[in-house]
Amino acid sequence: MEEQQSSLLHKISKVISDFFNPLVSLVIFFVFMSIRTYSLQDSLLYFLPILLMIIIPVIIWLVWNVKTGRYTNMDVSNRVQRKTLYIFIAVCVIVYLAFNYIRNGYIDLVMLFILILLFALQVSNLFIKSSMHTAFNIFVAALFFTLDWKMGLAWLGIAILVGVTRIILKRHTVKEVFMGAGIAFMVSFIYLYCNIQFQH
């Protein structure tokens, strides 16, 4: 009976952890933001470059590296393997930032802070394998806070839940989840401060 409960908990944790991975969480935010802020045409013009320059290339990179055996799994649980993932995502984000700046004449603040978060996680990765799932979901909660404080609070609850699932699945230790959370809270605080400053 206890083994069945443990197995069920593991399955539920895997579903939550897999669904609320950094890419899916960010896509949910961008879709929510697009619907709330832009017309359909403007939201497509905003979201398509992100999809084509960041999301699809990162998915292809992950699948290809798992299939060729360079990455153990889609979570890239191995600390050494993570280095190339961070670098690849950073390159994609930099390409998007350059494209957006040339096309629209401004720096996309959300993407800039995603780059900062990636850099902070990469530095942390030299010492401890911080939880990327936890970090990105906390940052997504901060992004939601700028649009709707209720959604922000709800997503913070999701981020906590994701952190717990990472420990249950033994993908991270408690220390690694707290490290990811700490980095994300610091980056999120700076992002929210900058967001308020640029609005005034």
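Owing to the predicted nature of the structure, the values given are computational and were not obtained by experimental measurement. Here, residues in each chain are numbered from 1, in the same order as that chain's written sequence. In keeping with the predicted nature of the model, local features appear solely for residues at pLDDT of at least 70, side-chain atom pairs appear and are counted solely at 80 or more, and the whole-chain, interface and lining totals rest on all residues. Excluding hydrogens and water, the side-chain values take into account all heavy atoms of the structure.

**Student:** Just checking my understanding: could you explain the side chain of K129 for this structure?
**Tutor:** A run of DSSP states H or I qualifies as a helix once it reaches four residues; a run of E qualifies as a strand once it reaches two. Both are numbered from the N-terminal end. Relative to the elements of secondary structure, K129 occurs in the loop between α5 (109-125) and α6 (132-147). Think of it in three bands: residues with accessible area under 20% of the maximum for their type are buried, residues over 50% are exposed, and the middle band is partly exposed, with areas taken using a 1.4 Å probe on protein chains only. The sign given to each residue is positive for Lys and Arg and negative for Asp and Glu; His and the chain ends receive no count. Should a side-chain nitrogen of Lys or Arg be within 4 Å of a carboxyl oxygen of Asp or Glu, the pair is scored as a salt bridge. Although K129 lies buried, it forms no salt bridge, and the closest oppositely charged side chain, E176, sits 4.4 Å away as judged by the N-O distance. Here the side chain of K129 touches R171 through a polar contact of 3.0 Å, landing on its backbone oxygen. By definition in these notes, contact holds between two residues if any of their heavy atoms fall within 4.5 Å. In this structure, K129 is in contact with S77, R79, R82, R171, H172 and E176, ignoring residues within four places of it in sequence. As used in this structure description, the phrase polar contact means that two N or O atoms lie within 3.5 Å; if the pair is within protein, one of them must be able to donate a hydrogen and the other to accept it, and residues adjacent in sequence are counted only when both atoms belong to side chains.

**Student:** Help me understand helix α3 (residues 40-67) in this model?
**Tutor:** Because each turn of an α-helix spans 3.6 residues, side chains separated by three or four positions in sequence point in the same direction. At L51, α3 is deflected by roughly 45°, the largest bend along its length. Here α3 has its buried residues at S43, Y46, F47, P49, I50, I54, I55, P57, V58, L62 and N65. Taken together, the buried residues of α3 touch α2 (22-37), α4 (79-104) and α5. Count one or two residues on from α3 and you reach G69, which has phi positive near 85°. Bend is the name given here to the angle between axes fitted to two runs of seven residues, the run ending at a residue and the run starting at it.

**Student:** Honestly, the environment of T68 in this entry has me stumped. Any pointers?
**Tutor:** Tracing the chain through its elements places T68 in the loop between α3 and α4. At 3.4 Å, the side chain of T68 forms a polar contact with the backbone oxygen of N65.

**Student:** Help me out: how do you make sense of the packing of α5 against α6 in this one?
**Tutor:** Two elements in contact, α5 and α6, have axes separated by 11 Å at closest approach and are oriented at 155°. As judged from the angle between their axes, α5 and α6 are roughly antiparallel. At the point where α5 passes α6, the crossing takes the right-handed sense. Contacts between α5 and α6 involve V110, F113, I114, L117, L118 and L121 from the former and M132, A135, F136, F139 and L143 from the latter. Classifying every residue of the contact of α5 with α6 gives 11 nonpolar, no polar and no charged. Fitted lines through C-alpha atoms give the axes, limited to the stretch in contact for helices. The angle between two N-to-C directions lies from 0 to 180 degrees. Angles are sorted into four bins: roughly parallel if under 35 degrees, roughly antiparallel if over 145, roughly perpendicular if 65 to 115, and oblique for all others. When the near helix sits turned anticlockwise from the far one by under a right angle, the crossing is termed left-handed; a clockwise turn instead gives a right-handed crossing. Think of it as three bins: nonpolar holds Ala, Val, Leu, Ile, Met, Phe, Trp, Tyr, Cys and Pro, charged holds Asp, Glu, Lys and Arg, and polar takes everything else, Gly as well.

**Student:** In this structure, what is going on with the pattern of salt bridges? I would like to understand it.
**Tutor:** Pairing of side chains with opposite charge becomes possible as their charged atoms draw close. For the structure shown, the criterion picks out four salt bridges. Among the ionic pairs, R36 bridges to D148, the shortest N-O distance being 3.7 Å. You can see R36 sitting in helix α2 and its partner D148 sitting in the loop between α6 and α7 (149-168), a full 112 residues away along the chain. By sharing partners, the salt bridges in this structure join D75, R166 and R171 into a single network.

**Student:** What should I look at first to understand the environment of T37 in this one?
**Tutor:** Take T37: it is sitting in helix α2. Sequence separation of T37 and V174 is 137 residues, and the distance between their C-alpha atoms is 37 Å.

**Student:** What should I look at first to understand α4 in this one?
**Tutor:** When the terminal C-alpha atoms of α4 are compared, their 37 Å separation across 26 residues agrees well with the 38 Å that a helix rising 1.5 Å per residue should span. Looking only at α4, the buried set comprises Q81, R82, L85, Y86, F88, I89, A90, C92, V93, Y96, L97 and N100. Looking at the buried residues of α4, the elements they touch are α3, α5 and α6. Backbone geometry just after α4 places G105 at a positive phi near 80°. In this analysis, the expected span of each helix is defined as 1.5 Å times one less than the number of residues it contains.

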